[in-house]
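# Results of the structural survey
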Amino acid sequence: MNSLRRRPALGVLIAFLPGMAVGFSLPEAYALRLLPVVLVLLAIGIGVATRWRYARLPLIWLASFGLGCLVAAHALRQTQLAGTIKNSSFSAVAIEEARHTEQFVRVTVRSGSGRIVVLYLPQSDAVPQFGDTLCVTNATITPTALKTQSEYRRFLLSKGACGVSYPKEVYIKRCEGFSLRRYALSVRNRLLARLDAVGLDSESTALVGALCLGYRNEAGEISGLFRRVGAAHIMAVSGFHLGIAVSVVWLLLSGFVRTRRMLSVAILAAAWLFALLTGLSAPTLRAAFMLTLFEASSFLGIARDRFNIIAFSALVLLLLRPGYFFDIGFQLSYTAILSIALFYPLFYPLGGAPRKSNPLVSYLYGLVALSLSAQVLTTPLVLYHFGTTSLWTLWSNVPLVILSSVLIPVGLFVLIVVPYALLPHFGTIIGLLCHGMLRTAGFFMELGEGMLHLRLSLGGLIACWLLGAALYPFARHLRKQFAAYRDVYGAENALNRIRIPQSVIGKAEKKGGKRRLDDLLP
C-alpha cells in the first residue's frame, strides 16, 4: 500500500486496466454502460466529502476502474457496424503507412464520418502514402465483430477499425498539404535513397533500412530468420534502437557539456530526431515520450521514480488511443520495460566501480543482464500470444545486440553526415557488420530451431506473473546479501557467505569492517 501511495500513477493504471478489460468484454449490457458513470460519480462524491485520508486511495482506484470501463466502452462502440455493407462507395484518408503482405497492400484509412477501415489493396506500383485520399467504389465492408478469428479481431480492435474491405477499384489522390508525419516519411525516403548509393547487397540494404530507419517492407525473410532465433525485437525499431542512438550522443557530449540540463536537452533532441528519421513510428514515439517524461521530471524537480513514469506514460497513451489495449507491440514494449526496471538491478551492479575496473567486460555482461532481465516477464506474454518461443533467445541476443549496437550508430552517421560522393567507401564497414549479424543468426539456425511450443491461457499468463511477483522479494534480498558480502570478501567468496545472517554484517560494519568481520564469522 505504501509503495502504491508513493506511486499514484501506478495505482491508477493497475485499476484502469481491469476496467478496460470489463468495458471491452461486456459492451452490450445496458447496466454496464451505467455502472462506470455511477462508479465515477460515487468515487468523486465520496472523495470530496470524506476527510479520512486512508479512504482516498481506494476511491481513486474505484474511479480509475470506472474510467477504464467508460473509455473501453466508448472505443468499442466506435468499431461497431450494424451489418455487412455492400456496394459501398466512400472517400477516406490514409492514417498509417501502407504495409506489404504476401498478396495485398494493407492500409488503414479514416472515412469522412470518422470510422476507421482496414483496406487490402491489390499489389501495384501505386502505393498510397500517409495522408493520401482514397476514393473507393463498389466495396464490401465486413464488420470487425463478424471476424471469427480472435487474434485477427484483436488486431482490428487495436487499430480502432470498424471493418475490413477488399476493394478492387481505388483511386488515389496524392496529398499536397504539409503534415509532420508526411515530412518524416519523406526524410526517411531520402535517406533510403542514400542507402542505395552505399553499394550494399539486397540483404544488407534491407537490414540497415530496418535497423536504422524502421523500413521493413523489404526485410520479410530477414525478420523471419531473426524471429526463429529469438531476436525479433532487433528488427522492429523501438526503444532499444532509440536507446542506442541516445547513448552514443550521451557518450559524445558528456565530456563537453558541463550542465546536466544542456545534456538533457541534447538527449531529447537526439531522441526526437531519431523518431523523425524512422517516420514517427508508434514504438519510437512511445520511447521518446517516456524519455521526455524522465527528463522533464528532473527539470521540474520531481523525484524520477521509473515505475511511476512508466505507468503514467502508458496511461496517457491508453487514454489517447484505447486500441493499444489489444496491440501486441504495446504490450511487449511496456512488459519489457517493466521487466528490465525490476530485474536488471538484480543481475547487474549499478555501482561505478565494476564498470571502471574493466569497462569492456562490464559492457558485455550488461548486455547479457539486459537480455535476461527483459525475458523474465515477456516470455510468458509471447507464449500467450504466439504459443511458441525460441530457446536460443538468451544466447543469440548477446552477439546480435553487440553487432546491432555498432551498426545502428555507424549506419546513421553514414546516412546523415557522410557526403553523397563518399558513401560507397563506407560500404565495406557496413557490409561486414551486416554479414556478421546475418551469419550469427544463420549459425543459430543451423543448430536447430530450438522452439518451445507451449500455448499459455490467460490464467496461465497471470499465474506466471504472480509467481514472478512472489519470488521477486526473495531474489532482491539475496541480491542485497551478495552485494554486502562482495564489498567485504570480493565476488569470489561472496556466494560462500550468502547464508550468513544480515545482523552479523551490521555488527561487523559497526566494529571495524573486514578485519572485525573475519573474527565474527566461522
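Residues numbered from 1 in each chain as written. Predicted model: local features only at pLDDT ≥ 70, side-chain atom pairs only at ≥ 80, totals over all residues. Heavy atoms only, no water.

### Description of the environment of G468
Let me state the cut-off plainly: Runs of H or I in DSSP of at least four residues are treated as helices and runs of E of at least two as strands, each being numbered from the N terminus.
Note that G468 resides in helix α19 (residues 458–489). Sequence spacing of G468 and V376 is 92 residues, and the spatial spacing of their C-alpha atoms is 8.2 Å.

### Observations regarding helix α13 (residues 306–320)
This is how it is decided: How far a helix is expected to stretch is found by multiplying one less than its residue total by 1.5 Å. Burial classification: accessible surface area is computed with a 1.4 Å probe over protein chains only, and a residue below 20% of its type maximum counts as buried, one above 50% as exposed, and the rest as partly exposed. By the convention used here, residues are in contact when the closest approach between their heavy atoms is within 4.5 Å. Counting of polar contacts relies on pairs of N or O atoms within 3.5 Å, with two restrictions inside protein: one atom must be capable of donating a hydrogen and the other of accepting it, and residues adjacent in sequence are counted only when both atoms are side-chain atoms.
The end-to-end C-alpha separation of α13 is 21 Å, in line with the 21 Å expected for 15 residues at 1.5 Å each. Among all positions in α13, only F307, N308, I309, I310, A311, S313, A314, L315, L317 and L318 are buried. On its buried face, α13 is in contact with α2 (8–25), α4 (56–77), α12 (282–299) and α14 (328–347). Two or three places before F307, at the start of α13, stands the capping residue D305, its side-chain oxygen 3.2 Å from that residue's backbone nitrogen.

### Section: the layout of surface pockets
Here is the rule: Grid points spaced at 1 Å and placed over the protein atoms alone form the basis of the search, with a cavity being a set where a 1.4 Å probe fits but cannot get out and a pocket an open set showing protein on both sides within 12 Å along at least five of seven lines. Lining residues have an atom within 4 Å of a point. Grid points are joined across faces, edges and corners, and a volume is the space filled by probe spheres set on the points. Under the grouping applied here, Gly and all other residues not named as nonpolar or charged are polar, the nonpolar ones being Ala, Val, Leu, Ile, Met, Phe, Trp, Tyr, Cys and Pro and the charged ones Asp, Glu, Lys and Arg.
Its volume calculated, the second largest pocket comes out at about 2000 Å³. As for the second largest pocket, its lining consists of 49 residues, of which L17, F325, T335, L461 and W465 are closest to the centre. In terms of residue class, the lining of the second largest pocket is made up of 35 nonpolar, ten polar and four charged.

### Remarks on the pattern of salt bridges
What counts here: Only one rule defines a salt bridge in this text: a Lys or Arg side-chain nitrogen within 4 Å of an Asp or Glu carboxyl oxygen.
Under the criterion given, the structure shown has five salt bridges. The partner of R321 in a salt bridge is E96, and the shortest N-O contact between them spans 3.5 Å. Placement of the pair is R321 in the loop between α13 and α14 and E96 in the loop between β1 (85–94) and β2 (99–100), with a sequence separation of 225 residues. Of the residues examined, R321 reaches a relative accessible area of 28% and is grouped as partly exposed. Look at E96 and you get buried, because its relative accessible area is 17%. With a closest N to O distance of 2.3 Å, R188 and E97 form a salt bridge. Of the two residues, R188 is situated in helix α6 (residues 180–196) and E97 in the loop between β1 and β2; the sequence distance between them amounts to 91 residues. Each of E96, K159 and R321 takes part in one network of salt bridges that share partners.

### Observations regarding a nonpolar patch on the surface
Which entries qualify depends on this criterion: Residues forming no salt bridge and having over 30% relative accessible area are the ones grouped into patches, like charges within 9 Å of each other and nonpolar side chains (Val, Leu, Ile, Met, Phe, Trp, Tyr) within 5 Å. Here the Shrake-Rupley method, with its probe set to 1.4 Å, supplies the accessible areas, and only the displayed protein chains count as covering residues.
There is a patch of nonpolar side chains on the surface, built from V265, F299, L300 and I302 and spanning about 380 Å² of accessible area. Its place among the elements puts F299 in helix α12.

### Some remarks on helix α11 (residues 260–277)
For α11, built from 18 residues, the straight-helix expectation of 26 Å at 1.5 Å per residue is met to within 8% by its first-to-last C-alpha distance of 26 Å. Taken residue by residue, α11 has L263, S264, I267, L268, A270, A271, F274, A275, L276 and L277 as its buried positions. Residues of α11 that are buried in the fold lie against α6, α7 (202–213), α10 (239–253), α12 and α17 (393–416). Backbone geometry just downstream of α11 places G279 in the positive-phi region, at approximately 80°.

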